[in-house]
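Chain by chain, the residues:
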Amino acid sequence: MLAIISPRAYLHEAGLRNRVGQLIKPFATQIHILTSPHAWQAVNPELSQSLEAEGIRFQLNYLPGECTEQAIASVKQAIEQQGAELLLAIGGGRVLDAAKAAASQLPGLTLINFATQAATCAAWSPVAIIYNEAGGHLRSQPLAKMPEQVLVDSEVIARSDVRYLKAGIVDALAKYYEFRPYQQHNPDDLALDLKMMSARQALDIFLQQGDAALAHCQQQRVAPELVKVIDATIVLAGLSNSVRDDLPTPGFAHAIHNRLTHQPELHHWLHGEKVGFSLLVQSLMENEGEADAELLALLRHYDMPLRLPALAGDRQTALRTLAQQVTFPVASAERLPFNVSACALEQALRATDTLF
């Protein structure tokens, strides 16, 4: 079975925050807003003025921390108590994932995602990532429904820290390096081919226009290169995740990332930075201790960490424990052309200490 699960519409426009009220009005006049203090400040006063101009009443709700089961339940309860017809999520990955998870439990609710960062493809992706209170990954939860609209205002993203855009670029290019190995053993898989088409297009955009986009972001200026790179990090990466068939092809680097989220020493690393380091580890495993030259150059170019910081206790023991606790589906591992055993992973982790 081939399935493509995606939002109904994607709208990207400089200054779009001024028109959110017009976009929401056809769906609801009583809405719930889930956001963070920083994200709410980034879109206002324009967004709230646009809602008021259209007579849309809203209740504001700040996500206090991680996208946890408790946070999702709290958002769901607040929406039900308010009697809201629509949930507008404004923010980065944590806010958008919590909104997607809560909306999936409310069949009659319309969801609209407004991404204020291009640090991940969370605005589009058909899963919600669930964490514990300390930020450790618990699971990736498939969604029962997708957003009605995904909204992006490049003026908002241009004013964000360029570090987020770098992390988003690496998280997006990871799709190419994670899906490519599967093709060696599965050359006739249409779903995999579709994943690779969008992933390769995103990588090409980053190679051609990534530097210009970062320069424009540093100058807080909207330009065609920045717009295209934003779309690649959200749309093309999201499309790669949206294609499904009966044979799963999860990214191995993301499996490493999931375990890294439980390391308190790495909580200051962004999602894409953890993924970047994990891509390096995967590459060392694929190539018998040598990293892919193109990938390594990209990781360095986008300032990704290439070595773990000091870890609690004996470092070698910590690396062994980390390797043993990375989980990956057996059926998916059998589709990869390289060994993903704990022993091979431990060797690659140790190699990052000596090679980089």
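Residues numbered from 1 in each chain as written. Predicted model: local features only at pLDDT ≥ 70, side-chain atom pairs only at ≥ 80, totals over all residues. Heavy atoms only, no water.

- The name an unreviewed UniProt entry assigns to the protein is Iron-containing alcohol dehydrogenase family protein, from the organism Pantoea anthophila.

Examining the environment of serine 198
Part 1 of the reasoning: Relative to the helices and strands, serine 198 is located in helix H8 (residues 190-218).
Part 2 of the reasoning: Separated by 22 residues in the primary sequence, serine 198 and tyrosine 176 place their C-alpha atoms 8.5 Å from one another. (Helix = DSSP H or I, 4+ residues; strand = E, 2+ residues; numbered from the N terminus.)

Here's the deal with the sheet that holds strand E6 (residues 110-115)
Part 1 of the reasoning: Taken together, the 6 strands give an open sheet; going across it, the order is E2-E9-E6-E5-E3-E4, and neighbouring strands pair in parallel fashion. The open sheet terminates on both sides in strands that have one partner only, identified here as strand E2 (10-12) and strand E4 (57-62). Across this sheet, the average inter-strand angle for adjacent strands is 20°, counted without regard to direction.
Part 2 of the reasoning: Bridge analysis of strand E3 (residues 30-35) against E4 gives 6 bridges, and the strand direction is parallel. Bridge pairing in E4 links threonine 35 to tyrosine 62. (Pairing = 2+ DSSP bridges. Axes fitted to C-alpha atoms, helices over the stretch in contact; angles between N-to-C directions.)

Side note on helix H4 (residues 69-82)
Part 1 of the reasoning: Here H4 contains 14 residues, and its C-alpha end-to-end distance of 20 Å stays within 8% of the 20 Å for a straight helix at 1.5 Å per residue.
Part 2 of the reasoning: All buried positions along H4 are accounted for by Ala71, Ile72, Val75, Ala78, Ile79 and Gln82. Buried residues of H4 fall within an arc of 125° about the axis and therefore sit on the same side. Exposed side chains of H4 directed beyond 90 degrees from the buried face belong to Gln70 and Gln81. (Expected span 1.5 Å × (residues − 1). Buried < 20%, exposed > 50% of the residue type's maximum accessible area, 1.4 Å probe, protein only. Arc of directions from axis to C-beta.)

Remarks on the packing of H8 against helix H12 (residues 293-301)
Part 1 of the reasoning: Between H8 and H12, the least distance of the axes is 13 Å, while the angle of their chain directions is 40°. Relative to H12, the element H8 lies oblique. As for how H8 packs across H12, the hand of that crossing is left-handed. Across the interface between the two elements, Leu203, Leu207 and Asp211 from H8 touch Glu294, Leu298 and His301 from H12.
Part 2 of the reasoning: Among the residues forming the contact of H8 with H12, the class breakdown is 3 nonpolar, 1 polar and 2 charged. (Parallel < 35°, antiparallel > 145°, perpendicular 65-115°, else oblique. Left-handed = near helix turned anticlockwise from the far one by under 90°. Contact = heavy atoms within 4.5 Å. Nonpolar A, V, L, I, M, F, W, Y, C, P; charged D, E, K, R; others polar.)

Considerations on the UniProt feature "domain: Alcohol dehydrogenase iron-type/glycerol dehydrogenase GldA" (unreviewed entry) in the protein
Part 1 of the reasoning: UniProt's entry tags residues 7-153 with the feature "domain: Alcohol dehydrogenase iron-type/glycerol dehydrogenase GldA" (unreviewed entry), counted in the numbering of this structure.
Part 2 of the reasoning: Across residues 7-153 one finds 31% helix and 29% strand; the C-alpha atoms that close the span lie 17 Å apart. (UniProt positions renumbered as here; feature names shortened; annotations may be inferred.)

Focus on the packing of helix H10 (residues 252-260) against helix H11 (residues 271-286)
Part 1 of the reasoning: Where H10 meets H11, the closest approach of the two axes is 8 Å, and the angle between their N-to-C directions is 125°. Classified by the interaxial angle, the pair formed by H10 and H11 is oblique. The two elements H10 and H11 cross, and the hand of that crossing is right-handed. Contacts from Phe252, Ala253, His254, Ile256, His257 and Leu260 in H10 reach His271, Lys274, Val275, Phe277, Ser278, Leu279, Val281, Gln282 and Met285 in H11.

With respect to the nonpolar core
Part 1 of the reasoning: Among the nonpolar cores identified, the biggest contains 99 residues, and Leu173, Phe206, Leu279, Tyr302 and Leu308 are the most heavily contacted of them.
Part 2 of the reasoning: When residues in this core are grouped by element, the largest group, 11 residues, is from helix H7 (residues 162-185).
Part 3 of the reasoning: The residues touching leucine 308, leaving out its near neighbours within four places in the chain, are Leu260, Leu266, Trp269, Phe277, Arg315, Leu319 and Leu322. (Core = buried A, V, L, I, M, F, W, Y, C linked by side-chain atoms within 4.5 Å.)

Considering unusual backbone geometry
Part 1 of the reasoning: Here the bond from asparagine 44 into proline 45 is cis, since omega is 15°, no more than 30 degrees from zero.
Part 2 of the reasoning: By the secondary structure assignment, proline 45 is in the loop between helix H2 (37-43) and helix H3 (46-53).
Part 3 of the reasoning: Positioned with a positive phi, glutamine 220 is a non-glycine residue whose angle comes to about 55°.
Part 4 of the reasoning: Summarising the element assignment, glutamine 220 is placed in the loop between H8 and helix H9 (224-242).

As for the packing of aromatic side chains
Part 1 of the reasoning: In the structure shown here, the tally under the stated rule is 6 aromatic pairs.
Part 2 of the reasoning: Note on tyrosine 176 and tyrosine 177: the rings are 5.1 Å apart at their centroids and 85° apart in plane angle, and the pair reads as edge-to-face.
Part 3 of the reasoning: Look at tyrosine 176 and you get buried, because its relative accessible area is 9%.
Part 4 of the reasoning: Accessibility expressed as a relative area gives 2% for tyrosine 177, which makes it buried.
Part 5 of the reasoning: Aromatic side chains phenylalanine 252 and phenylalanine 338 sit 6.1 Å apart centroid to centroid with 80° between the ring planes, which places their arrangement in the edge-to-face category. With phenylalanine 252 in helix H10 and phenylalanine 338 in the loop between helix H14 (330-333) and helix H15 (342-355), this residue pair connects regions lying 86 residues apart in the sequence. There is no split in this pair, since phenylalanine 252 and phenylalanine 338 are both buried.
Part 6 of the reasoning: Through a chain of ring-to-ring contacts, three or more aromatic side chains come together here, namely Phe252, Phe328 and Phe338. (Phe/Tyr/Trp six-rings, centres within 6.5 Å; stacked < 30°, edge-to-face > 60°.)

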